[in-house]
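# Coordinate inspection notes
Spelled out, the chains give:
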Amino acid sequence: MQNRVDFIDWLKAVGMFLIVFGHYFGEPFDQFTQPIYPKQLGVAFFVFVMGWGLASETRPQWQVVYNRLFPMYFWGVAIALFISVIFMLTKGHPAITNYLPFIAGINVLGDFFPSNPTTWYIGTYLHILLLWALVMRKVKVTLPLTLLVLLCEIAIRSIFIEFERLFTGYMLISNWLTVFLLGIYMHQQKDNHNSFKALMLILVWAIFLFTWASALNPFNISNSFPFRLTVDHSTLTSSILISIAISFVYLSNTLLAVKFFSSIPANRVVRFFSRNTIFIFIGHMPLYDVAEPIAR
C-alpha cells in the first residue's frame with residue numbers, strides 16, 4: 001500500500017475538474033492549450049499519475065492489472081447498462097458503443113467516441129496497463145528512451161491527423177505514451193511543500209500559458225475535435241507541426257502541474273475527489289445528459 005502523496009491527489013482532482021468543467025461549461029479558455037482543449041490536460045494528468053504509480057509497484061503484474069481494471073470495469077459496465085436502459089426508453093436503441101471499450105479496447109480503432117464520450121478512456125487504460133505488464137515493467141525508462149518515444153508519438157499522430165482520423169489518433173495509446181513514460185521516469189518525485197516555490201511556479205505557469213496563447217492566436221485555428229487543426233490544414237508539414245504542438249502542450253503543462261502541486265498540501269476536498277475520480281469520470285456525462293436541458 002503506497003502512502004498518500006499530495007501532488008498525486010492534486011493532479012487527479014484538478015484533472016477531474018478540467019474534464020467535468022470542459023464538458024459542462026464548454027471551453028472558454030481553450031486558447032491557452034491550443035491545439036488541444038483544456039479538458040484533455042485532465043487526461044494527460046491521469047496518464048502521468050498512472051505511470052508514476054505503476055513504476056513503484058512491487059506486486060505481481062497481473063495482480064496489479066486485475067486490481068486496477070476491476071473498479072474501472074465495474075463502474076463502466078454498470079453505467080453502460082444504466083445508459084442502455086435510458087436510451088431504450090427515450091431513443092429506441094441500447095447505446096451499444098458504450099460496450100466496445102470492454103472488448104479488448106477495440107473502440108480506439110473507430111473514428112468516434114462511444115455514446116458516453118468518457119467511456120473511450122477505458123479501452124486506452126487497458127492498453128496502457130497491458131503495455132506496462134508485458135513490456136515496460138522490464139524496461140528501464142531513461143531520458144533518451146523517452147525522447148525516442150516522443151519522436152514516434154509525434155510521427156504516428158501526424159499520420160492520423162493527415163488522414164483526418166482525429167478520434168483514432170487521440171484515443172490510441174500512441175497519443176499518451178510520452179506522458180506515461182514521464183510519469184515512470186519521475187516516479188521518485190515526492191511532495192516538497194514550499195509556499196514561496198509554489199508562488200513562483202504559479203507565476204511561471206501563468207506567464208507560460210499567456211505566452212503560448214499569444215504565440216498561437218494569430219494562426220487561423222479551427223474548433224475541430226479532438227485536435228484543433230489550422231483552417232488551411234492541407235500538408236504533411238502542417239500535420240507534423242500540429243502534432244509537435246500537441247505533445248509540447250501535454251508535456252509542458254503536466255510537468256509544470258507536477259512541480260507546482262508538489263509544493264502545496266492537499267486538503268480533504270482534494271482527497272475526496274481524488275478517491276472518487278473513476279466514478280465521476282465515467283458517470284458525469286450521463287448526469288449531464290439529464291441536467292443539460294434543465295440548465296438550458
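Residues numbered from 1 in each chain as written. Predicted model: local features only at pLDDT ≥ 70, side-chain atom pairs only at ≥ 80, totals over all residues. Heavy atoms only, no water.

Bringing unusual backbone geometry into the picture now. A cis amide bond links Q34 with the next residue in sequence, P35, at an omega value of 15 degrees. Counting through the fold element by element, P35 comes out in the loop between α1 (6-25) and α2 (38-55). For the bond running from F225 to P226, omega is 5 degrees, close enough to zero to count as cis. As for its position among the elements, P226 is in the loop between α8 (195-216) and α9 (236-261). Phi at A95 is positive, roughly 55 degrees, even though this residue is not glycine. One can find A95 in the loop between α3 (61-90) and α4 (120-134). On the basis of relative accessible area, A95 is assigned to the buried category, the value being 1%. Despite not being glycine, A104 shows a phi value in the positive range, around 60 degrees. Its location among the elements puts A104 in the loop between α3 and α4. Residue A104 is classed as exposed on the basis of its relative accessible area of 53%. (Helix = DSSP H or I, 4+ residues; strand = E, 2+ residues; numbered from the N terminus. Buried < 20%, exposed > 50% of the residue type's maximum accessible area, 1.4 Å probe, protein only.)

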